[in-house]
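Each chain is listed here by its residues.
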Amino acid sequence: MNPNSFIENLETGLQAKLVDVKELVPGNLASIVSQWSVNLGISDFDLALFSILLVSITLTALVVGWYLRRFGKKKWLGYIISSIGFLPILPIMMAGTLVYWMGKQYWKGGKVRSNNESAPKNPRKEGSSIDDWEQALKGLERVQS
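Draft legend 1. Highlighting the overall build of the protein chain. Secondary structure assignment for the protein chain yields six helices and zero strands. Starting at the N terminus and ending at the C terminus, the protein chain contains elements arranged as α-α-α-α-α-α. Out of the 145 residues in the protein chain, the part that is buried amounts to 10%. Intrachain contacts of the protein chain at a sequence separation of at least 6 include 25% that bridge at least 24 residues. By element, 65% of the accessible surface of the protein chain is carried by carbon and sulfur atoms, the whole surface being about 12,300 Å².

Set out below in structure tokens:
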């Protein structure tokens, strides 16, 4: 069996499967993939194949790195391979961290109000908590009327 014929058979088989999968993909996602492939100057098949290869290499590096760190004698090699596996995931992790940090800053800045507005801001130490709540409720009644 000729290696080139094997690769050609594999490519035609994968392209046939990709056409079947494209029928299931919603129109918006298919147009995004097509637009990316046009911008990059490659076909849809090559873009899908690249994505599959990137995900499989990433997962393989993470699993091999974990295995070497857990069971291997050269733990430093496991750390290196795991860090290589984390590189494609790093932008997603950074974006998630940025969104979390911005949301936290937005919440702290007073843009979002909590449900505990009726709680007293500076409770007295000598009074009981029930007295503080009564005063807070009286203050709210004065504000509402």
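Draft legend 2. Quick look at the packing of aromatic side chains. Scanning the model with the defined rule gives two aromatic pairs in all. Ring centres of Trp66 and Phe71 lie 6.0 Å apart, and the angle between their planes is 90°; on these two criteria the pair is classed as edge-to-face. By relative accessible area, Phe71 is classed as exposed at 51%.

Draft legend 3. Just the side chain of Thr58, in detail. The residue Thr58 is located in helix H3 (residues 44-71) in this model. The contact partners of Thr58, leaving out residues within four places of it in the chain, are Gly85, Pro88 and Ile89.

Draft legend 4. Just the packing of H3 against helix H4 (residues 75-86), in detail. The interhelical angle for the contact between H3 and H4, taken along N-to-C directions, is 160°, at an axis separation of 7 Å. Comparing their axes, H4 and H3 come out roughly antiparallel. The two elements H3 and H4 meet at a crossing, and its hand is left-handed. From H3, Thr58, Ala61, Leu62, Val64, Gly65, Trp66, Leu68, Arg69 and Arg70 reach across to H4, where they touch Lys75, Leu77, Gly78, Tyr79, Ile81, Ser82, Gly85 and Phe86. When the residues that make up the contact of H3 with H4 are grouped by side-chain class, the tally is nine nonpolar, five polar and three charged.

Draft legend 5. How the structure looks around a nonpolar patch on the surface. On the surface, Trp76, Ile80, Ile84, Leu87, Leu90 and Met94 cluster together into a nonpolar patch covering about 630 Å² of accessible area. Counting only elements with at least two residues in the nonpolar patch, the list comes to H4 and helix H5 (90-108). Considering every element that reaches the nonpolar patch, the biggest residue donor is H4, with three residues. Relative accessible area serves as the criterion here: at 53%, Leu87 is assigned to the exposed category.

Draft legend 6. Here's a closer look at the confidence of the model for the protein chain. This prediction gives the protein chain a mean pLDDT of 76; 64% of its residues lie at or above 70. Ranking the elements of the protein chain by mean pLDDT puts helix H1 (residues 3-24) last, at 63, and H4 first, at 90.

Draft legend 7. Structural detail: H4. In a regular helix each residue adds 1.5 Å, so 12 residues correspond to 16 Å; H4 covers 17 Å between its end C-alpha atoms and thus fits that length. Within H4, burial applies to Gly78, Ser82 and Gly85. One face of H4 carries all of its buried residues, which in axial projection span an arc of 55°. Counted as exposed and oriented over 90 degrees from the buried face of H4: Trp76 and Tyr79. For H4, the secondary structure elements touched by its buried residues are H3.

Draft legend 8. Seen up close, the side chain of Ser82. Examined against the element boundaries, Ser82 turns out to sit in helix H4. Assessed through its relative accessible area of 5%, Ser82 is described here as buried. With sequence-adjacent residues up to four places away left out, Ser82 is seen in contact with Ala61, Leu62, Gly65, Trp66 and Arg69.

Conventions adopted
- Residues numbered from 1 in each chain as written.
- Predicted model: local features only at pLDDT ≥ 70, side-chain atom pairs only at ≥ 80, totals over all residues.
- Heavy atoms only, no water.
- Helix = DSSP H or I, 4+ residues; strand = E, 2+ residues; numbered from the N terminus.
- Buried < 20%, exposed > 50% of the residue type's maximum accessible area, 1.4 Å probe, protein only.
- Contact = heavy atoms within 4.5 Å.
- Areas by Shrake-Rupley, 256 points an atom, 1.4 Å probe, with all protein chains shown as cover.
- Phe/Tyr/Trp six-rings, centres within 6.5 Å; stacked < 30°, edge-to-face > 60°.
- Axes fitted to C-alpha atoms, helices over the stretch in contact; angles between N-to-C directions.
- Parallel < 35°, antiparallel > 145°, perpendicular 65-115°, else oblique.
- Left-handed = near helix turned anticlockwise from the far one by under 90°.
- Nonpolar A, V, L, I, M, F, W, Y, C, P; charged D, E, K, R; others polar.
- Patch = residues over 30% accessible without salt bridge, like charges linked within 9 Å, V, L, I, M, F, W, Y side chains within 5 Å.
- Salt bridge = Lys/Arg side-chain N within 4 Å of Asp/Glu carboxyl O.
- pLDDT = per-residue confidence, 0-100.
- Expected span 1.5 Å × (residues − 1).
- Arc of directions from axis to C-beta.

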